Amino acid sequence: MKMSTRNLFPWLMLTPCLVFLLLFLLVPLLLLFDQSLTNVDSLLNPLPGYSFAQYVTIFADPQYLYALWTTLWVSLLTAAITVLLAWPAAWLLVTTQRRGCRTLLYVILLSPLLTSVVIRTFAWIVLLAQNGLINGFLLFTGLIPQPLSLLWNMNAVVIAYVQVMLPFAVLPLITSLNEIAPSLRLAAMSLGATPVATFRRVVLPLTLPGMLTGFIIVFSLAAGSYITPLLIGGRLQPLLPIAIYQQAMQIANLPLAAALSLTLLLMTMIVAAIVGVFMKRWEKKNHG
């Protein structure tokens, strides 16, 4: 009886969290799935019965397939660039010896998270506009004869994505780097490994879980973001979040918006599952 109560205690502690997830995650997803199966007439009035007509519309329309593909590769590119840029930032944060400098670096890293995404996005508009700071500097120095078109394209969207989501890739890498015992690097170098070889064969492989975790987080956030691409890239960019926003808020085709949302969720889960399988195989290979 005592052992049974001890085993039950953790579940009792988890009950509020599980109830919260049930009410505000699982139930809305079920309602969203129910909405996606609803038929509508030409005036978007709901019809009786259920069908997969909305999903047929998505996968039969080249426009939505192109938006799905664009969302996938933009999110993958953003995640890859962000992880690459996050590695040296995480290494600097971990190896900085002075506590004051390390605190300052953490403040610089985390301060964007304390600012609204809308404000950060408008800051990029100020920087990238034809009369913005970047074009103004290039014109002043004579490097360009006329302003460049830096806004309203996918390159601007990726740049803004990377800046907004960089902290989400740095923090998992910091955790992985802190778990590496300094004695491992010293042992490798004492056996004749150069600093480059030590980094490539010891440090970098041990931070792979942190890199993959950051990759999944950034990919998921980029795939579901619509404010940044809407303001930076424009409403005509072929991205699923923008299409979902238009169908739900402008056209009021809620069943199609629900189907698009679940399609985007499924795509994100598939990518996360693939990365998760790769991570498990790596851990099994290295840790048994």
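Residues numbered from 1 in each chain as written. Predicted model: local features only at pLDDT ≥ 70, side-chain atom pairs only at ≥ 80, totals over all residues. Heavy atoms only, no water.

**Examining the overall build of the protein**
What the protein contains, in helices and strands, is 13 helices and two strands. Against the 2.2 N^0.38 benchmark of 19 Å for 288 residues, the protein shows a C-alpha radius of gyration of 24 Å, more extended than a compact globule. Summarising its shape, the C-alpha atoms of the protein cover approximately 80 × 75 × 35 Å along the three principal directions. Sorting the 288 residues of the protein into buried and exposed places 35% on the buried side. Relative to all contacts within the protein whose residues are 6 or more apart in sequence, the contacts with residues 24 or more apart total 67%. When the accessible surface of the protein is split by element, carbon and sulfur atoms take 72% of a total near 17600 Å². Side chains of the protein give 14 positive and 5 negative charges; the mean places of these two sets differ by 26 Å. (Helix = DSSP H or I, 4+ residues; strand = E, 2+ residues; numbered from the N terminus. Rg over C-alpha atoms; globule rule 2.2 N^0.38 Å. Buried < 20%, exposed > 50% of the residue type's maximum accessible area, 1.4 Å probe, protein only. Contact = heavy atoms within 4.5 Å. Areas by Shrake-Rupley, 256 points an atom, 1.4 Å probe, with all protein chains shown as cover. Lys, Arg positive; Asp, Glu negative; His and termini not counted. Charge placed at Lys NZ, Arg CZ, Asp CG, Glu CD.)

**Quick word on the packing of helix H2 (residues 53-60) against helix H3 (residues 62-95)**
What describes two packed helices is the angle between their axes and the distance between those same axes. In the contact formed by H2 and H3, the axes pass within 5 Å of each other and the chain directions differ by 75 degrees. Taken together, the axes of H2 and H3 lie roughly perpendicular to each other. Residues Thr57, Ile58, Phe59 and Ala60 of H2 pack against Pro62, Tyr64, Leu65 and Leu68 of H3. Counted by class, the contact of H2 with H3 contains seven nonpolar, one polar and no charged residues. (Axes fitted to C-alpha atoms, helices over the stretch in contact; angles between N-to-C directions. Parallel < 35°, antiparallel > 145°, perpendicular 65-115°, else oblique. Nonpolar A, V, L, I, M, F, W, Y, C, P; charged D, E, K, R; others polar.)

**Section: the side chain of Thr268**
Along the chain, the position of Thr268 falls in helix H13 (residues 254-287). Look at Thr268 and you get buried, because its relative accessible area is 13%. Residues contacting Thr268, with those up to four places away along its chain left out, are Phe219, Ser220 and Ala223.

**Digging into empty space enclosed by the protein**
Gaps left between atoms are located by rolling a probe of water-molecule size over the structure's atoms. Summed over all chains, the structure comprises one cavity of 30 Å³ or more. Size it by volume and the largest cavity reaches roughly 40 Å³. For the largest cavity, the full set of lining residues is Thr71, Val74, Ser75, Tyr161, Ala222, Ala223, Ser225, Leu239 and Pro241. Contributions of two or more residues to the lining of the largest cavity are made by H3 and helix H10 (208-224). (1 Å grid on protein atoms, 1.4 Å probe; cavity = no way out; pocket = protein on both sides within 12 Å on 5 of 7 lines; lining within 4 Å. Points joined across faces, edges and corners; volume = space filled by probe spheres on them.)

**As for the packing of aromatic side chains**
In total, this model carries five aromatic pairs according to the counting rule given. Relative to Phe24, the ring of Phe20 has its centre 4.9 Å away and its plane inclined at 40 degrees; by these criteria the two rings are tilted. Of this pair, Phe20 and Phe24 both sit in helix H1 (residues 2-36), four residues apart, which is roughly one turn of that helix. Between the aromatic rings of Trp87 and Trp91, the centroid separation amounts to 5.7 Å while the plane-to-plane angle is 25 degrees, which identifies the pairing as stacked. Separated by four residues within a single helix, Trp87 and Trp91 lie in helix H3, roughly one turn from each other. In this structure Trp91 comes out as partly exposed when scored by relative accessible area, which is 30%. (Phe/Tyr/Trp six-rings, centres within 6.5 Å; stacked < 30°, edge-to-face > 60°.)

**Side note on the environment of Gln237**
With respect to the helices, strands and loops of the structure, Gln237 is situated in the loop between helix H11 (227-233) and helix H12 (240-250). Sequence spacing of Gln237 and Leu25 is 212 residues, and the spatial spacing of their C-alpha atoms is 29 Å. Apart from residues no more than four positions distant in its own chain, Gln237 is found in contact with Trp152, Asn153, Met154 and Ile242.

**Notes on the confidence of the model for the protein**
Looking at the protein as a whole, the pLDDT averages 88, with 97% of positions reaching at least 70. Across the protein, the element-wise mean pLDDT spans from 78 in helix H8 (residues 182-190) up to 94 in H3. (pLDDT = per-residue confidence, 0-100.)

**Overview of the side chain of Thr82**
Among the secondary structure elements, Thr82 is positioned in helix H3. In this view, Thr82 contacts Val162, Met165, Leu166, Ala169 and Val218; residues no more than four positions away in its chain are not counted.

**So, the pairing of strand E2 (residues 46-50)**
Counting buried residues along E2, only zero of its five residues qualify, which leaves the element largely exposed. Judged from the three bridges that link them, strand E1 (residues 38-40) and E2 form a sheet pairing that is antiparallel. Looking at the pairing, Val40 lines up with Pro46 of E2. What sits between the antiparallel neighbours E1 and E2 is a turn of five residues, in which Leu44 has the positive phi angle 65 degrees. (Pairing = 2+ DSSP bridges.)

**Concerning the nonpolar core**
Residues Val170, Ile232, Leu260 and Met267 are the most contacted members of the largest nonpolar core, which totals 60 residues. Secondary structure elements with two or more residues in this core: H2, H3, helix H5 (117-128), helix H7 (154-178), H10, H12 and H13. Broken down by element, this core gets its largest block of residues, 14 residues, from H7. Setting aside its immediate chain neighbours within four residues, Met267 contacts Leu68, Thr71, Leu72, Phe219 and Ala223. (Core = buried A, V, L, I, M, F, W, Y, C linked by side-chain atoms within 4.5 Å.)

**A closer look at H7**
End to end, H7 covers 36 Å across 25 residues, agreeing with the expected 36 Å (1.5 Å per residue, within 8%). Largest kink in H7: about 50 degrees, centred on Met165, with the proline Pro167 one to four residues after it. The residue sitting at the N-terminus of H7 and contributing the capping side-chain oxygen is Asn153; that oxygen lies 3.1 Å from the backbone nitrogen of Asn155. (Expected span 1.5 Å × (residues − 1). Bend = angle between axes of the 7 residues up to and from the residue. Polar contact = N/O pair within 3.5 Å; in protein donor to acceptor, adjacent residues only side chain to side chain.)

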